[in-house]
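# Structure at a glance
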Amino acid sequence: MRAGAGSRPAASPRGGVGETRTLFLVGFMGAGKTSVGRALSRRLGWPFEDLDDRIQHREGKSIEQIFLESGEAEFRRAETAALHELLKELQSSFRVVALGGGAFVQPANATLIEQAEVHTVFLDAPVNELLRRCEAEAKERPLRQSPEQFCELYEQRRRSYMKAAVRIETNGKDVDTVAAEVACSLGLE
C-alpha cells in the first residue's frame, strides 16, 4: 500500500498509535540519509527534504563555506534556525527529512524534534564502512579529517543516534532495501 493522505496509522514516537506524517532520518556521515531519503520519498509518494539544502539556501552559502568562513558554532546556529523553520511547516504535510550528521546530537535540535513528535529513524553501519563510503565520494565533509578523528566523532555521536525511535542497519544493503525496511518498520506498507 502506498502511503499518503490516506496512510495507515503507525506507532507514534511515544509508543501510541497515530498517523505517521513526517520521518526524520538521522545518522553519521556516510549512513545514506540523503540516498535513502530520496528512495523512501519515491516509495511513499511524500516530498523529500535534506536539511543541509535548506541551510545552504537560507544562508546563501555552501555548508563548507559556512564552516570555513564562520566556524562550526555559526553553522549549528544556522542549522537550528533551519530546523525550527522546517518544523513549523510540518503540521500540514507529509515529508521525509534527512538531517545532517550532527543535527540530531545538538541538544537544542533534539528538544525541537522531540517536541514535534516526529518519527526518527537511525540509519546505522559499522564505522569502518561509513568511513569507506565517505572516502569513496567526492563530497567535501568539513568534520571528516583523519580516520582516527572520524571514529572518535562517530563514537561520541552514536549514543545520541540510538535515541531515535527506530534503528535500521544499512551495511551490505542497497538503498531501496533500506527504504523498504524503514517503511515496513513504521507500518507504512
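Presented here is an overview of the structure given in this document. Predicted model only: the values in this text are computed from it and were never measured.

Parameters at a glance
- Residues numbered from 1 in each chain as written.
- Predicted model: local features only at pLDDT ≥ 70, side-chain atom pairs only at ≥ 80, totals over all residues.
- Heavy atoms only, no water.
- Phe/Tyr/Trp six-rings, centres within 6.5 Å; stacked < 30°, edge-to-face > 60°.
- Buried < 20%, exposed > 50% of the residue type's maximum accessible area, 1.4 Å probe, protein only.
- Axes fitted to C-alpha atoms, helices over the stretch in contact; angles between N-to-C directions.
- Helix = DSSP H or I, 4+ residues; strand = E, 2+ residues; numbered from the N terminus.
- Parallel < 35°, antiparallel > 145°, perpendicular 65-115°, else oblique.
- Left-handed = near helix turned anticlockwise from the far one by under 90°.
- Contact = heavy atoms within 4.5 Å.
- Nonpolar A, V, L, I, M, F, W, Y, C, P; charged D, E, K, R; others polar.
- Salt bridge = Lys/Arg side-chain N within 4 Å of Asp/Glu carboxyl O.
- Pairing = 2+ DSSP bridges.
- Core = buried A, V, L, I, M, F, W, Y, C linked by side-chain atoms within 4.5 Å.

Below, the discussion takes up the packing of aromatic side chains. Scanning all chains against the criterion turns up 5 aromatic pairs. Look at Phe67 and Phe75: their rings are 4.8 Å apart centre to centre, the planes differ by 35 degrees, and that puts the pair in the tilted class. Residue class for Phe67 comes out buried when judged on its relative accessible area of 15%. The exposure class of Phe75 is buried, given its relative accessible area of 3%. Here the aromatic cluster, defined as three or more aromatic residues joined through ring pairs, consists of Phe28, Phe150 and Tyr154.

Following both chains from N to C, one finds helix α6 (residues 127-136) and helix α7 (residues 147-161) inclined at 125 degrees, their axes separated by 10 Å at the closest point. The angle between the axes of α6 and α7 places the two elements in the oblique class. Note that α6 runs across α7; the crossing there is right-handed. Counted together, Val127, Leu130, Leu131, Cys134 and Glu135 of α6 and Pro147, Phe150, Cys151 and Tyr154 of α7 form the full contact between these two elements. Here the contact of α6 with α7 is composed, by residue class, of 8 nonpolar, no polar and 1 charged.

With that settled, consider the packing of helix α2 (residues 51-59) against helix α4 (residues 72-89). Their axes nearest at 9 Å, the elements α2 and α4 cross at an angle of 110 degrees. Classified by the angle between their axes, α2 and α4 sit roughly perpendicular to one another. Packed against α2, whose contacting residues are Leu51, Asp52, Arg54, Ile55, Arg58 and Glu59, the element α4 presents Glu74, Phe75, Arg77, Ala78, Glu79, Ala81, Ala82, Leu83, Glu85, Leu86 and Glu89 at the interface. Each residue belonging to the contact of α2 with α4 can be placed in one class, and the counts come to 8 nonpolar, no polar and 9 charged.

What follows concerns the pattern of salt bridges. As enumerated under the stated definition, the model contains 17 salt bridges in all. Between Arg76 and Glu79 there is a salt bridge whose closest N-O contact spans 3.1 Å. Placement of the pair is Arg76 and Glu79 together in helix α4, with a separation of 3 residues, close to one helical turn. The same class applies to Arg76 and to Glu79, which are both buried. Each member of the salt-bridge network shares a partner with another, and the members are Glu49, Arg54, Arg58, Glu85, Glu89 and Arg95.

Let's shift gears to the pairing of strand β5 (residues 95-98). Judged by which residues are buried, β5 turns out to be covered on both faces: Arg95 and Val97 on one side and Val96 and Ala98 on the other are all buried. Two strands pair when backbone bridges link them, and strand β3 (residues 22-26) and β5 are joined in this way by 4 bridges, in the parallel orientation. Bridging across to β5, Phe24 finds its partner in Val97.

Moving on: the nonpolar core. Within the largest apolar cluster, 55 residues are counted, with the highest numbers of intra-cluster contacts made by Leu23, Phe24, Leu99, Leu123 and Val182. Counting residues per element, this core draws most heavily on α4, which supplies 6 residues. Dropping the residues within four chain positions of it, Leu123 is found in contact with Leu25, Val26, Gly27, Ala31, Gly32, Lys33, Val36, Ile168, Thr170, Val178 and Val182.

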